[in-house]
Amino acid sequence: MRVLFDRDYIDSNCTIGYDVSYSVDNTVATCLTSYAVGAIGFTAATAVTFQFLKQHACISGLPMSLFFGITALAYTIAGIGHQITEQRDEVLGIEILNRLSYVLLIISNAILIATGITLVTTNITLIIKFLWIFVNLAVLVHSMVTKSLVSVGVLCMITYLSMSVVYIIFYIRKRSDNGGRCITYLTKAVSLLVMIAGMMVWVLLHEKCGSIGTAYEICFQNCPLPAPDFNHNALFHVIYGVGLALFAVAQLQQPDSKFQILFFFGYNNTQNSNELDYKALHKDDGAFNNDI
């Protein structure tokens, strides 16, 4: 639960006692910015899907469409949770929404991890698949048991950082060959770093701007934001949304998901003339094994 404040307590300038059961973040800014992230994700998913439909390669575009769409759904559900929850004792509704958003974020992140792995190597061993399953299941179990988004956030940040490194290496290796087209790799890296920055804002400011305790008791006097009306949650959503939009634009300019991610699951449809040849695709996108 992202606890925040009792409106009556804040309006009294912290001079009356507060009811801890009302310490929830259902501010307009938090709800709207969460919905905005969802809108960006759904728009990106739709655009990516139509792009591949035009190329008659719908299956190829599915993974990245799912990444954007599932991420959008997770933030939309989180926004609903913020909007409808008024008391912390509304356990059933908020727990269902929270845990559903956790699961969706893990699934979308798992898709991005698989994409990153297939960008680096075409040799997807059973050990790699096992580790992929184990890590995601471990984070899922931890988030369900602890009722916390921390492990999910850490996994996402590690994934985004790793993917950024991959894109930067691609940029360095291909800038002399592809010219201006190569800048898309750098755009992807920057967009993921922006998304990480949004998450770090939440980490750095949640104790000063949102956690129940000292910050709440002194009416967020140490918070650099105009909390509680615009807090760390809202700022996180804004920055993350900008990064997600930038990542979507870069993916539309130079998709990662053209067919190769299907190899992660052992799918090889070389007889389909509408699909791209895997090795040719990796050569075009600068996969490590073809650059060495």
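Up top is the structure these notes are about.
A brief report on the enclosed structure follows. (Residues numbered from 1 in each chain as written. Predicted model: local features only at pLDDT ≥ 70, side-chain atom pairs only at ≥ 80, totals over all residues. Heavy atoms only, no water.)

What follows deals with the overall build of the chain. From N to C terminus, the chain includes 11 helices and 0 strands. The N-to-C order of helical and strand elements in the chain reads α-α-α-α-α-α-α-α-α-α-α. Looking at the chain as a whole, 50% of its 292 residues qualify as buried. Long-range contacts, defined as pairs at least 24 residues apart, comprise 75% of the intrachain contacts of the chain with a sequence gap of at least 6. Total accessible area on the chain is roughly 13600 Å²; 66% of this is exposed by carbon and sulfur atoms. (Helix = DSSP H or I, 4+ residues; strand = E, 2+ residues; numbered from the N terminus. Buried < 20%, exposed > 50% of the residue type's maximum accessible area, 1.4 Å probe, protein only. Contact = heavy atoms within 4.5 Å. Areas by Shrake-Rupley, 256 points an atom, 1.4 Å probe, with all protein chains shown as cover.)

Summarising the element assignment, I106 is placed in helix α4 (residues 91-120). As a C-alpha pair, I106 and V152 span 46 residues in sequence and 6.6 Å in three-dimensional space. Setting aside anything within four residues of it in sequence, one finds I106 in contact with N136, V139, L140, S143 and V152.

This paragraph deals with the packing of helix α7 (residues 183-209) against helix α9 (residues 232-253). Across the interface, α7 lies against α9 with an axial gap of 8 Å and an inter-helix angle of 170°. With respect to α9, the element α7 is oriented roughly antiparallel. Classifying every residue of the contact of α7 with α9 by side-chain character gives 18 nonpolar, 10 polar and 1 charged. (Axes fitted to C-alpha atoms, helices over the stretch in contact; angles between N-to-C directions. Parallel < 35°, antiparallel > 145°, perpendicular 65-115°, else oblique. Nonpolar A, V, L, I, M, F, W, Y, C, P; charged D, E, K, R; others polar.)

Further remarks concern the state of the cysteines. Linking two cysteines covalently via their sulfur atoms produces the bond known as a disulfide. Taken as a whole and assessed by the stated rule, the structure comprises 1 disulfide. Disulfide pairing places C209 opposite C223 at an S-S distance of 2.0 Å. Between C209 and C223, the disulfide has an S-S torsion of 95° and is therefore right-handed. Of this pair, C209 sits in helix α7 while C223 is found in the loop between α8 (214-217) and α9, placing the two residues 14 residues apart along the sequence. Classification of C209 by relative accessible area gives buried; the value is 0%. (Disulfide = S-S within 2.5 Å.)

Take the side chain of H237 next. Along the chain, the position of H237 falls in helix α9. Overall, H237 belongs to the buried group, its relative accessible area being 2%. Polar contacts involving the side chain of H237 include one to the side chain of T33, which spans 3.0 Å. (Polar contact = N/O pair within 3.5 Å; in protein donor to acceptor, adjacent residues only side chain to side chain.)

Counted according to the given criterion, the structure contains 10 aromatic pairs. Geometrically, the ring pair formed by F68 and F247 is tilted, given 5.9 Å between the ring centres and 50° between the ring planes. Here F68, found in helix α3 (residues 58-84), pairs with F247, found in helix α9; they are 179 residues apart in sequence, far enough to count as distant. Each member of the pair, F68 as well as F247, carries the same accessibility label: buried. With centroids separated by 5.4 Å and ring planes inclined at 75°, the aromatic side chains of F170 and Y185 adopt a geometry described as edge-to-face. With F170 in helix α6 (residues 150-178) and Y185 in helix α7, the pair connects residues that are 15 residues apart, well separated along the chain. By relative accessible area, which is 1% here, Y185 ends up buried. A network of ring pairs unites the aromatic residues F67, F68, Y167 and F247 as a single cluster. (Phe/Tyr/Trp six-rings, centres within 6.5 Å; stacked < 30°, edge-to-face > 60°.)

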